[in-house]
Amino acid sequence: MALKGLVRFFAIMLILISVWQLSFTWIVNNFERKQKARAEKFVKNNFGTASKETKDSATNAVYRRYIDSLKEKEILDIPVLFPKLTYQKATEQELNLGLDLQGGMNVTLEVGLDGLIRSMSNNPKDVTLNKALASAIELKRNSDADFVTLFGQAYNTASLNGRLAPLFAGGKNKTIKIDASNSTVLEAIRFEARDAIKRTYDRLTARIDQFGVAQPNISYDENKGIITVELAGIDDPERVRKFLQATANLEFWDTYSNADPVVAQSIAQIDQKVKAYLSGTSDTTSTDTSGTPKVDTTATAGANNNPVTSLFAPNQPDGSAMIGMIRISDTALFSKYVNLDVVKNSIPATMRFMYGAKAEAKNKSGESMLPIYVIKTVPGTDQPKLTGEYITDARQDFDQRNNEVEVQMEMNTRGAAIWEKMTGDAFNGKYAIAIALDNYVYSAPGVNNGAISGGVSQISGSFTIQEAQDLSSVLRTGKLPAPARIVQEQVVGPTLGEEAVRGGSLSFMISFVIIFILMLVYYNTGGWIANIALILNLLFTVGVLSAFGATLTAAGIAGLVLTIGMAVDTNVIIFERIKEELTKGKSYQMAIEDGYRRSLAPVLDGHITTLLTSFILLYFGLGPVKGFATTQIIGILLSLFCGILVSRLITDMWTNKKRHFEYFTAVSRRIFAHAAYKFIEFRKYTYMISGLVLLLGIGTLFNGFDYGVEFRGGRSYTVKFDRELKNEEVANELNKVFGKYPIIKTVGTPKQLNITTDYMIDQPGETIDAQVETKLYEGLKTFLPAGTSYEQFKTAFKQSSQTVQPTISDDLKKGALWATILGLLVITLYIFIRFRDWRYSVGTIVALLHDVLVTLIVFSFLRNIVPFPLEIDQHFIAAILTVIGFSMNDTVVVFDRVREYSAKMFGQPKGVILNKAINDTLARTVMTSLTVFLTLLTLFIFGGEVTRGFAFAMLIGVITGVYSSVFVAAPILMDFAKDKPLGEPEKDKTLAKARHSIS
């Protein structure tokens, strides 16, 4: 094999990198385990008589406090490998677990561009404008076009091709002229819409930091106008919903100067009051409103004479509003102290503290520091004098006189009047004005030249261009009147996450052991090559996932399990070819050379087709399904490297020592040794079966399917009870509160039910989710232990929840349909290019449609018979696309052998050629299908509810894939071939090459 040295180098480097990358996960888990034990010890010493529920709650609170305070603490220092490694850096490098594995919340938000367009118009109440916006919202349900394009189409219809410019020109929109064409106006709106989505994304990113999540994940799709947020470990979904959907809160505050004596006096007073509170001499109660004991985990707080000022580095009194800098990890404790009642009562009622929006320095230990500002509220209101609703425009500019970057801000008439008074007072009082978004200060400029009139201001302050653009973006955020709306939501409880991890890990280990043993039993010592390649493939896959910062979900574990089955496919194809060459009497050296060479084409075909469907799935999928596609793509690429190059490297190293691996066992010598089945002769009967499949497939349109909540829209809850229940009696009780029967399915055991309802799904509002959940609790009350409160129901019985608005469900359904159609077309096109014969493509597409139809038939007609949910959802689409790729793999191997034998056996009847090709690849077909089938069966039995439907669909696909390759694709090829040969004779190819070389 050429390039042995390069393959060896890459293999060693991948091993080292993967082990190094995965070591971060071990370091983080070890550190968190120690902090958990520390928290449990603290609670044990301080909560001896409390109830278990209180102790658990306190343990979690203390644990979170420890983790938060130690984020930037150095936990390891090994030069080169882990230099000055902090917990925060380690968590950024570890393998991320998805929400379905550790619990948490996943939210998809849609930016309200209809509100933005209204705010940009000169007349937001214009009848034609609002009619067009309403129509665009309806069109968006069934269109992939962006909202602005749909608005333009709807306005043309509503106004009978009227002009947009008069409605948007002048006033707020200086870039739009009165004579502008509709396309120009729409482009200006589209530019503002993109900017609005980006501003919303930036705003949400800043807000998410307040949840204290170790590894938040937020991304946005500019074309679709949606933002996806993942928050692991969240235990207060209602707070998250309100916080993410709240309108941007842009405010302008008066400030206290840090040189003002009242500031120094107040801080000294805070120190005294907090010291008394911590020592127990304060008259404040030590219990919060819920009756839960307060938890203070500051080790030396009681002995510290300055518990508050010791948390931050004071700023020199320079007349600014900033009193000092504080470590990000100490902000939670500082906020707790300054919000104590005893502290609030001892400082001016108008005094508040705010943090800066971003870190502006690092301390000696390299920890990020945030500035702390002292804000002055309007007496008696706790409000600022000016808010963002008055801002009409803001942009980054350049001051030619002072040669510096600045931000130019414009206000409307009402805002200009307030601003003139506010800036005049600040100038006279020699204090700054703080500009804050969502209670974070982005800038606190001073007023240099007296009151500013006219509503146009220049903000300077040694900005870089990027900083000025960021500040102008913050100011413009106040223009966005419509908040982001949650259109899809999933909440997974930690218990369900633990079950998913347990099930996924168990199915993974069992699958690995089964395949490991099977390779040795069937391929003798040659099986060690496949097993080494398999181990390296899994190590590299997980290592690369971790290095790329990818998230491992339950579907991702399913992808890993499936990778186990499909990874050995490469070696199975190669080994079967080597066995054929050995059977012909070739030496081991020659058999290995020919085996690897002649196996390359079918191996590449199988991997490329599966890779194509995985990329389609990655593009159209959302959430966990993207995780599955990502895992599969990485696994497939590494399978090629390990199965072909690494396996060959190991084989050559062994053979060069004048040894060789054995590829036969007593079992493998007997199975399919002299297979000579006449498959093609049965095609009349198989056509009849295929006809029945077609009829049943049409019948599914009338029999229907069970659609998952993500395709149907609605709310879905998984609830665990302490006794077995009948679905009918639960449905009857819920009908009383919902006014209609929900869909109820057993999940795992009769004690755990999944309840889906579309009750109030079309009604907007921040409190709707809570109202529906309250109704659910009321309907289930009779099945819960006596005295169970609503809070106990949410924490102890509700395992997970999912909400999908009809708008996003329509998008998901369209995406799923297009993904399936595109998968079939791409495979057909690839086969046509690969074999350059349309007859091969016809056989392939019919076989694939056959597989899809069989899977649909089972999911339609057995959905009320099997004891587990058979739903059409994203996981089902993932299974269909994977089945297409897998079935294609089988078909390509058979077709590749057909083309080879058509050349060698030119002139022989096509039936003879096809039968021989099928029989000679039968061992490979059965072995590959068996390995994948066993891994899927393991996943189906042990993998948990999340992947059970996926595994079941794949099990069907594996069986039908083998059947369709042998009894559908090959017969179709036979009958469409007619009198034309399936390939050229070998001698013709030789002559053609010769003639080509002579010319």
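As shown above, the structure is provided for reference.
This one's a predicted model, so the numbers in the text were calculated from it and none came from an experiment.

Rules behind the numbers
Residues numbered from 1 in each chain as written. Predicted model: local features only at pLDDT ≥ 70, side-chain atom pairs only at ≥ 80, totals over all residues. Heavy atoms only, no water. Salt bridge = Lys/Arg side-chain N within 4 Å of Asp/Glu carboxyl O. Helix = DSSP H or I, 4+ residues; strand = E, 2+ residues; numbered from the N terminus. Buried < 20%, exposed > 50% of the residue type's maximum accessible area, 1.4 Å probe, protein only. Phe/Tyr/Trp six-rings, centres within 6.5 Å; stacked < 30°, edge-to-face > 60°. Pairing = 2+ DSSP bridges. Axes fitted to C-alpha atoms, helices over the stretch in contact; angles between N-to-C directions.

*Asks:* Could you clarify how one ought to interpret the pattern of salt bridges in this entry?
*Replies:* In a structure, side chains of opposite charge can pair up when their charged atoms sit close to one another. Scanning all chains against the criterion turns up 32 salt bridges. A salt bridge links Glu-580 to Arg-897; its shortest N-O distance comes to 3.0 Å. Here the residue Glu-580 occupies a position in helix α18 (residues 554-583), and Arg-897 occupies one in helix α29 (residues 874-904), the gap between them amounting to 317 residues. Pair check on accessibility: Glu-580 and Arg-897 agree, each one buried. Residue Asp-975 pairs with Arg-683 through a salt bridge whose shortest N-O separation is 3.1 Å. With Asp-975 in helix α32 (residues 945-977) and Arg-683 in helix α22 (residues 683-703), this residue pair connects regions lying 292 residues apart in the sequence. Relative accessible area serves as the criterion here: at 22%, Arg-683 is assigned to the partly exposed category. Shared partners join several salt bridges into a network, and the residues in it are Arg-577, Glu-580, Glu-581, Lys-584, Lys-586, Asp-594, Arg-597, Arg-598, Arg-897, Glu-900 and Lys-904.

*Asks:* Explain the packing of aromatic side chains to me, please; I cannot follow it from the model alone.
*Replies:* Given two aromatic rings, one states the distance between the centres and the angle between the planes to describe the pair. What the rule picks out here adds up to 28 aromatic pairs. Between Phe-940 and Phe-952 the ring centres are 5.9 Å apart and the planes differ by 35°, which places this aromatic pair in the tilted class. Residue Phe-940 is located in helix α31 (residues 922-942), and its partner Phe-952 is located in helix α32; the two are separated by 12 residues in the primary sequence. For Phe-940, a relative accessible area of 17% puts it in the buried group. Through pairs of rings, three or more aromatic residues link up here, namely Phe-312, Phe-334, Phe-353 and Tyr-355.

*Asks:* So what exactly am I meant to see when it comes to unusual backbone geometry here?
*Replies:* With glycine set apart, most residues show a phi of negative sign, and most peptide bonds adopt trans. Despite not being glycine, Leu-160 shows a phi value in the positive range, around 55°. The residue Leu-160 is located in the loop between α7 (147-158) and α8 (165-168) in this model. Here the phi dihedral of Asn-524 falls at roughly 60°; this positive angle occurs in a residue that is not glycine. As for its position among the elements, Asn-524 is in the loop between α16 (494-523) and α17 (526-547). Take Asn-524: its relative accessible area is 27%, and that puts it in the partly exposed class.

*Asks:* I tried to follow the sheet that holds strand β6 (residues 226-232) on my own but got confused; where do I start?
*Replies:* Strand pairing in a sheet takes place through backbone hydrogen bonds and is either antiparallel or parallel in direction. The antiparallel open sheet is built from eight strands, whose spatial order is β5-β6-β4-β19-β25-β22-β24-β23. Two strands close off the open sheet at either side, each with one partner strand: β5 (217-221) and β23 (743-747). Strand after strand, the sheet turns through a mean of 15° between neighbouring axes, direction not considered. Sheet topology places strand β4 (residues 104-111) next to β6; seven bridges connect them, and they run antiparallel.

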